[in-house]
Structures are given as structure tokens and as C-alpha cells.
Amino acid sequence: MTKPGNKMWGGRFAAGPDAVMEAINASIDFDRKLYTQDIAGSKAHARMLARQGIISASDAEAIVHGLDTIASEIESGRFAFSAALEDIHMNVEARLAELIGPAAGRLHTARSRNDQVAVDFRLWVKQTAIRFDALLLALIAAFLDKAEAHAGTVMPGFTHLQTAQPVTFGHHCLAYVEMFARDRGRLADAVRRMDECPLGAAALAGTGFAIDRHFTARELGFREPTRNSLDSVSDRDFAMEFLSAAAICATHLSRLAEEIVVWSTPQFGFIRLSDRFSTGSSIMPQKRNPDAAELVRAKTGRVNGALITLLTVMKGLPLSYSKDMQEDKEAVFDAAENVELAILAMTGMVADMEVRADAMAAAAGAGYSTATDLADWLVRETGMAFRQAHHVTGRAVALAEQKGCGLAELTLAELQAIDPAIDGRALAVLSVEQSVASRTSFGGTAPDNVRAQIAWWRARRDEPTGSGGV
Ligand code: ARG
């Protein structure tokens, strides 16, 4: 079915688009999300046109005023969005014409929807990345508080999810602080690169009007204008970088989610999630399910999917703009919305979680977790080669296993029967507390190290670049 007339291109087109054409072409259902940025971009552009004498001051004033009216109409839900007008840009411009008359037609001087959408989307992604920084900072703060409360709380450290060596829960929390700080660093790095304004590149080649791109860049809070008009309208690196950082962050959140799921099982019993972040079962009254953690774990899928979507949309596109690029937005919006929810949910879960220090301590000593400490003692105190010490300790583990007891429960006589070099001092290193306290190497798990690291992070909370700097 062909629609009568053509609302937008009446000069060149006699007939309106087929209904299917309209359906595939319209982006207003999702790009209406950009209305704030679109209106800000148009206001800056109108002011610049007037300053440069390209339009009159009174037209610019009418345009700016009309745009403000449109913003409040949209905010209060009074704005009638139309698919026939394709996208947010044409919807706003058409309404502006209704509100202020012919002056509205001057707004699009020296501009195209290509640079318009590029600036709108860049602003949105930049603002979102900056908001994420604050969200991650709150998550990091929750972890620092937990780390401080549990700097000396022992738990098993794992490799291969097998008990490896005792660590402190504070140290485990700080591992996540490192990850989320690197996520902040990646976002900050991306923001620095995307902080250039494409407005004024016009359709693709720049314009013959004497525009001032430095002015519009400044007005919109960008560091400077972009330097190449072709690249300006065809670059979506800023969105790809944002999604890369978001996907890595979602991966971190998912790993944390998995640990929370495991820790909160009755079998582990390391933590108890608060009622606020647990759900019940409709049939099994005893259950407390970690649904929020499971959903955070799952959301990684759609965030990774968004990154692949955009990379695939962009691959093979010739310079400069192609309509393919309209498919850049939904993936970014969806990923952003879900990563934001995931960070918020994790912050709540971490802040609220009850740490079961007894269960952690009991598990920390199980599985012969201090075997390495005995081997290290033999090396340090008797001068034995590490390989041989490993062998001797292995025999002690085998004996304990055979007796069904822990390493610390073996008697001195039993240990000396394995190797006479062992003396009474070796018994002390078999305790979990002694084990973690001894791990004072830089970055190690000793409670004093953990406290020093917490102080280090607290002193740097305003540096967005993460531990290594950029
Ligand atoms: N809705 C379009 C997009 O999101 C705006 C740019 C349209 N430009 C064009 N030449 N048709 O990409």
C-alpha cells in the first residue's frame, strides 16, 4: 500500500513510501531516546548560525525557544511522535515548523542528518559512559567497605575451583576492585577519544557556509571539533569502544555473579544474600534463590551480542554514511540499560551480603590448603630444594588423607617419620591464619597488605584510570 503524498521530500517525490518502506525505514521508536541530545545539538547549531550571521538573531531566538517547548512537550508525554517522519530529527523539525513557522526551515542550514545523528549519538554515549563511571565507583566503594570489614577473614583461595591456598576475603574483594577500576579506566579512555564534535561535517564534505565548529563543539561540551568530515559522519568507533568496555565489564560482573551463586549455596555457605536481593521458590519453602546474580550472569550474553551486532553492522561499509548505521543504536541502548541494571544489582548485593566468616574459615583449612606452607618452611629452614620439599609435603598430605585428618592434626612424630628435618616450628606454619599472615609479598593476601591496598584505593577514588594509569 502506498501512502498518499510525501511528508518529507515533497519537492522530489510525488508519492509517499510503501507501508513496508516506512516500517523498515523509521527509527523513531528507538531514536526518540536521543531527544535531549538532538535538541541540545540543534540549539547550539542555531546559536552558531546567528553568531556567524548565517541566520538572523530573531530566527535563532524563535528556533531556540521552539526547541525548548518541544523538549517540555516530549518530557511531559504530550509530543505526538510520527513514523511517517522517520526519526527524531525530522519529528523535532516538523514540530518546530508547526510551532514557529517558516523560521524553522532555516535550522537545517549547513547541517545534515548525518552529522546531526553523529553528534546526538556521541553525546548520548559520552554521557552514559560518564554515568557508568559513577556507578562503578559506587560498586568499588561497596567492595572496599567489605574488604575493610574482612581484611583478616580467612577463606579458601581456589584454582580450578579446587582449594589451593588460604586467602582473605578482603583480598578476594580487592581483586574485583582491580577489575572494576580497569573498567573505569577503559571507559575514561574511550571518553577521551570520543570527546570530539562531528557537528558541522554536514552531509559528508563540510559546508560552504562560514560556520564555527569550535563554537558548537564548546557549546556541547566537547574538547574540540573532529578534523575530517567524511570520518565524522561515518565513525562509530565511540560506540564500539563503549560496547567493548561494557562487554568486558559485563564479563567481570558475570564472574562475580557466578561466585555469588556458588558462595550462597548451602554447600558453600560463605555468604547469605539479603532478603532484598533474594527470591523464594513457589514450591520449596526452604529456598533462597540468587536470581539477581543469575540474571547478571546471563546479561553478559546480550551485551556481548550488542558488541558483535555493531562490529558486524560497521564492517565493510564504504565511506561515508550509509543507512546501515541506523542499526547502531538499539544494541547500544539495550546493552547500556542492562549493564547499568547489573552494576546496580551487584552494588546492592555486595553491600548487603552477610559474610559467614565461620564457614569460610572452616573451608579455608580443609583440602590441605597449607601444604605449600610446609614445603616453603622446609626450603627456608632446612635448605631443602623446593622439589624435594614438595615431595616430602606430598607424603604428609597422603598420610593425613589416610588418617582422615587435617595437616595440622598430624603429630610431630608422624611428620618426623616422613622426614627427620621437620621440627616443632613447622607445626606453626600449618595454621590458616599463619599462612595468610605470611604472604606479605607485594600484592599478596596478608591482612596488612589488604589494609594497605584499601588505603591506596581510597586515596585514588577520583582517578578514573584504574590501577595502572593510562
Ligand atoms: N535516522 C538516521 C540514523 O539513525 C539519521 C540519519 C539519516 N541520514 C540519511 N541520510 N538518511 O542513521
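See the structure above.
Everything numeric in this text was worked out from a predicted model, so none of it was measured.

Visitor: So what's going on with the overall build of the chain? Which residues, and what values?
Guide: When helices and strands are counted, the chain shows 19 helices and six strands. Seen through its C-alpha atoms, the chain measures out along the principal axes to roughly 100 × 50 × 40 Å. Burial status across the chain gives 50% buried among its 470 residues. Nonlocal contacts in the chain, meaning residues at least 24 apart in sequence, comprise 73% of its contacts between residues at least 6 apart. When the accessible surface of the chain is split by element, carbon and sulfur atoms take 54% of a total near 21700 Å².

Visitor: Which residues make up the side chain of Thr393, and what values do they have?
Guide: Inspection of the secondary structure assignment puts Thr393 in helix H15 (residues 386–403). Here the side chain of Thr393 touches Ala375 through a polar contact of 3.4 Å, landing on its backbone nitrogen. Discounting chain neighbours no more than four positions away, the residues touching Thr393 are Ala371, Leu374, Ala375 and Leu378.

Visitor: How would you summarise the site of the ligand if you had to cite specific residues and measurements?
Guide: Neighbouring the ligand are the residues Ser27, Asp31, Asp87, His89, Arg113, Asn114, Val117, Tyr321, Lys323, Gln326 and Lys329. Between the ligand and the protein, one listed contact pairs an oxygen atom with a side-chain N or O atom of Tyr321 at 2.4 Å. Residue Lys329 places a side-chain N or O atom 2.5 Å away from an oxygen atom belonging to the ligand. Burial of the ligand by the protein chains amounts to 86% of its free accessible area of 340 Å². Among the elements that make up the shell around the ligand, the one with the highest residue count is helix H6 (residues 113–149) (three residues). Looking at side-chain class alone, the shell around the ligand contains two nonpolar, four polar and five charged residues.

Visitor: Tell me about helix H12 (residues 329–352), and name the residues and values.
Guide: The end-to-end C-alpha distance of H12, which contains 24 residues, comes to 35 Å, matching closely the 34 Å that a straight helix rising 1.5 Å per residue would cover. The buried fraction of H12 is high, at 17 of 24 residues.

Visitor: Explain the packing of helix H11 (residues 291–314) against H12 to me, using residue names and the numbers behind them.
Guide: Geometry of a packed helix pair, given as the angle between the helix axes and the separation of the axes. Contact geometry for H11 and H12: axes closest at 9 Å, N-to-C directions at 155 degrees. If you check the angle between H11 and H12, you find them roughly antiparallel. When the axes of H11 and H12 are compared, the crossing they make is left-handed. Where H11 abuts H12, its residues Ala292, Ala293, Val296, Lys299, Arg302, Val303, Ala306, Thr309 and Leu310 lie against Ala331, Val332, Asp334, Ala335, Asn338, Val339, Ala342, Ala345, Met346 and Met349.

Visitor: Tell me about unusual backbone geometry, residues and numbers included.
Guide: In the segment running from Leu319 into Ser320, the intervening peptide bond is cis, with an omega of 5 degrees. Topologically, Ser320 is positioned in the loop between H11 and H12. Despite not being glycine, Leu161 has its phi angle at roughly 55 degrees, a positive value. Considering the arrangement of structural elements, one finds Leu161 in the loop between strand S1 (154–159) and strand S2 (162–168). In this structure, Tyr368 is a non-glycine residue whose phi angle is positive, near 55 degrees.

Visitor: So what about the pattern of salt bridges? Which residues, and what values?
Guide: Taken as a whole and assessed by the stated rule, the structure comprises 36 salt bridges. Asp133 is the partner of Arg184 in a salt bridge, and the nearest nitrogen-oxygen pair spans 2.8 Å. Taken together, the residues Arg184 in helix H7 (residues 169–194) and Asp133 in helix H6 connect sequence positions 51 residues apart. Residue classification places Asp133 among the buried residues on the basis of a relative accessible area of 18%. Each of Glu86, Asp87, Arg113 and Lys323 takes part in salt bridges that share partners, so that together they form one network.

Visitor: Account for the pairing of S1, with residues named and values stated.
Guide: Pairing of S1 with S2, which is carried by six bridges, proceeds in the antiparallel orientation. Following the sheet pairing, Gly157 is matched in S2 by Gln165. Hairpin remark: S1 followed by S2, antiparallel, with two residues in the connecting loop; positive phi at His160, about 60 degrees.

Visitor: Give me the packing of aromatic side chains: which residues, what numbers.
Guide: Counting across every chain of the model gives twelve aromatic pairs. Arranged with centres 4.8 Å apart and planes meeting at 55 degrees, the rings of Phe79 and Phe81 form a pair that is tilted. Residue classification places Phe81 among the partly exposed positions, given a relative accessible area of 23%. Considering the side-chain rings of Phe268 and Phe270, the 5.1 Å spacing of their centres and the 75 degrees angle between planes classify their relative orientation as edge-to-face.

Definitions and cut-offs
Note on numbering: residues in each chain are counted from 1, in written sequence order. Confidence filtering applies because this is a predicted model: local features only for residues at pLDDT of at least 70, side-chain atom pairs given and counted only at 80 or more, and all residues used for totals across whole chains, interfaces and linings. As a convention, hydrogens and water are excluded, and side-chain values are obtained from all of the structure's heavy atoms. Numbering of helices and strands runs from the N terminus, with a helix taken as a DSSP run of H or I at least four residues long and a strand as a DSSP run of E at least two residues long. Three labels apply to residues, based on accessible area from a 1.4 Å probe with only protein chains included: buried if under 20% of the type maximum, exposed if over 50%, partly exposed otherwise in between. Only heavy atoms matter for contacts: two residues are in contact if any of them lie within 4.5 Å across the pair. Every accessible area reported is derived by Shrake-Rupley at a probe size of 1.4 Å, with residue values counting cover from the shown protein chains alone. Any pair of nitrogen or oxygen atoms within 3.5 Å is treated as a polar contact; in protein, a donor-acceptor pairing is required on top of that, and neighbouring residues in sequence qualify only through side-chain atoms on both sides. Throughout, the term near means that a residue has one or more heavy atoms lying within 4 Å of the molecule or strand in question. In this count, Pro and Cys sit with the nonpolar residues alongside Ala, Val, Leu, Ile, Met, Phe, Trp and Tyr, while Asp, Glu, Lys and Arg are called charged and the others, Gly among them, polar. One less than the number of residues in a helix, times 1.5 Å, gives the span that helix is expected to have. Every angle, taken between N-to-C directions, lies between 0 and 180 degrees, and every axis is a line fitted to C-alpha atoms, over only the stretch in contact when it is a helix. Angles below 35 degrees are treated as roughly parallel, those above 145 as roughly antiparallel, those between 65 and 115 as roughly perpendicular, and all remaining angles as oblique. Helix crossings fall into two classes, left-handed where the near helix is turned counterclockwise from the far one by less than a right angle and right-handed where it is turned clockwise. Definition used for salt bridges: Asp or Glu carboxyl oxygen within 4 Å of a side-chain nitrogen of Lys or Arg. Strand pairing requires that DSSP identify at least two bridges connecting the strands. For Phe, Tyr and Trp, rings pair up if their centres lie within 6.5 Å, where Trp contributes its six-membered ring, and each pair is then called stacked (planes under 30 degrees apart), edge-to-face (over 60) or tilted (otherwise).

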